[in-house]
Amino acid sequence: MTVLSTSLHVPVATAAASIAKTIVVNRSGTGDFRSVQEAINSVPDYNNQWIKIHLASGVYRFDRHCCSCAKHAGACSSRRSSSEKVVIGAYKSYILLEGEGAQKTSIEWGDYASDSRGHDTASCGTFTSYASNIVVAGITFKNTYDGYSHTKQAVAALIAGDKSSLYSCGFVGYQDTLADLFGRHYFKGCYIQGVTDFIFGLGQSIYEGCTISTANSVEKPGFVTAQGRGAANDTNGFVFKRCNVTGPQATYLGRAWGRYSRVIFYQTFMSDIIVPEGWSVWNSHGYENEITYAESECTGPGSKQSGRVRWKKTLTSDELRKFTDISYIDGEGWLGEQPRY
């Protein structure tokens, strides 16, 4: 995995939580746009009012047969089917991107790292968001690269903007499915599927009520997380709160991408797919005491602690409260200033 750097531009909203404008995207042509990317591009740079982009049900997919559209983001003007690779740029803040449900609205694309078009981990994503103050709801993001027999870094969604919240969304892939890269993020009621490092990055994030599922693959066992915290004073980490870890094949809960990697599972159900050791030090040998991997009040056959690695942490009640309370990502109340879901 490679990491890109980004600077966060944070405009100030003038009308928090009220929708100033609604844009409709419909593949049939009955909305304002047929293309998701065209709708996003219509939002002015440095926007500071909430704009809702509503996606009608349908699959906004990568179509290799759509003339030259496969070479760039956007839609083919000569065909009714959309060919989508969607990017929210750093200056397109205050967007509410809303589908009609994760089972009904999906955005799909098939790039992967080291493919023939020269993509890397950061550029292969189906959906990429660099802006602050973004809300996404009711959409599935899928990377269509088939990693069953040979996994490659193929990102379904990359979230690199601060103050981003995602509700009832799906993220489907094999390796590096969800790049929770930078910023403070809240995931509620989402479905995340993959095999290898399928939730990775340096985000400071809470996942609440989410389903975390492995996928069938010849690569076994897998790794749910690869969290990249690199220094003792870094605030980032992944917290899974009242989630469900399940799927068809065995997995570790995580491996240490960074020497101070931090992942906490709290009140989470774990099926019997969890490898007894639970966690892998990966390339951070010698830093076991600095890694914070913890499980508290978890249930299910996979939550048994008898075989866990010795260096797994046991957090005090005060430490748990610090990470599991919403203030870990939202000390100033930014979630309450966003449109509610």
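To start, this report covers the structure provided alongside it. (Residues numbered from 1 in each chain as written. Predicted model: local features only at pLDDT ≥ 70, side-chain atom pairs only at ≥ 80, totals over all residues. Heavy atoms only, no water.)

## Considerations on the pairing of strand β6 (residues 105–109)
Here is step 1: Burial within β6 is extensive, with 5 of its 5 residues counted as buried.
Here is step 2: Of the two faces of β6, the one carrying T105, I107 and W109 and the one carrying S106 and E108 are both buried.
Here is step 3: Note: strand β3 (residues 58–60) against β6, 3 bridges, orientation parallel. The residue bridging Y60 from the neighbouring strand is I107, located in β6.
Here is step 4: When β6 meets strand β9 (residues 140–143), the two strands line up parallel, connected through 4 bridges. Bridging from a neighbouring strand, W109 pairs with N143 of β9. (Buried < 20%, exposed > 50% of the residue type's maximum accessible area, 1.4 Å probe, protein only. Helix = DSSP H or I, 4+ residues; strand = E, 2+ residues; numbered from the N terminus. Pairing = 2+ DSSP bridges.)

## With respect to the environment of D45
Here is step 1: Turning to its location among the elements, D45 is positioned in the loop between α1 (36–41) and β2 (50–55).
Here is step 2: Here the alpha-carbon distance between D45 and A90, two residues 45 residues apart in the chain, equals 8.6 Å.
Here is step 3: Among all residues touching D45, those that are not within four sequence positions of it are Y91 and K92.
Here is step 4: Engagement of the side chain of D45 in a polar contact is seen with the side chain of K92, the distance being 3.1 Å. (Contact = heavy atoms within 4.5 Å. Polar contact = N/O pair within 3.5 Å; in protein donor to acceptor, adjacent residues only side chain to side chain.)

## Comments concerning the packing of aromatic side chains
Here is step 1: Overall, the coordinates contain 18 aromatic pairs when judged by the stated rule.
Here is step 2: Plain terms: the ring middles of F240 and F265 are 4.6 Å apart, the flat faces sit at 10° to each other, and that makes the pair stacked. Taken together, the residues span a long stretch of sequence, with F240 in strand β20 (residues 237–241) and F265 in strand β23 (residues 262–266) at a distance of 25 residues. Each member of the pair, F240 as well as F265, carries the same accessibility label: buried.
Here is step 3: Between F323 and Y328, the ring centres sit 5.3 Å apart and the planes meet at 75°, which makes this aromatic pair edge-to-face. Here the two residues F323 and Y328 agree in accessibility, since each one is buried.
Here is step 4: Cluster of aromatic residues (ring-pair linked, three or more members): F127, F141, F171, F187, Y207, F238, F240, F265, W279, Y293 and W311.
Here is step 5: It is R255 that lies over the ring of W282; its NZ or CZ is 3.7 Å from the centre. (Phe/Tyr/Trp six-rings, centres within 6.5 Å; stacked < 30°, edge-to-face > 60°. Lys NZ or Arg CZ within 6 Å of the ring centre and 35° of its normal.)

## Notes on the environment of G278
Here is step 1: Tracing the chain through its elements places G278 in the loop between β24 (269–270) and β25 (279–280).
Here is step 2: Under the relative-accessibility criterion, G278 is labelled buried at 0%.
Here is step 3: Residues G278 and K304 lie 26 residues apart in sequence; the distance between their C-alpha atoms is 9.4 Å.

## Comments concerning the pattern of salt bridges
Here is step 1: Taken as a whole and assessed by the stated rule, the structure comprises 11 salt bridges.
Here is step 2: Here D111 ties to R117 by a salt bridge, and the two come within 2.8 Å at their closest N and O atoms.
Here is step 3: On the accessibility criterion, R117 (35% relative accessible area) is partly exposed.
Here is step 4: Of the charged contacts in the structure, one is a salt bridge between R308 and E295, with a shortest N-O distance of 2.8 Å. A residue pair is termed long-range when its members are at least 10 positions apart, and R308 in the loop between β26 (292–296) and α2 (317–324) and E295 in strand β26 qualify at 13 residues. Of the two residues, R308 and E295, both sit in the buried class. (Salt bridge = Lys/Arg side-chain N within 4 Å of Asp/Glu carboxyl O.)

Everything listed is a geometric property; what it means functionally is a separate question.
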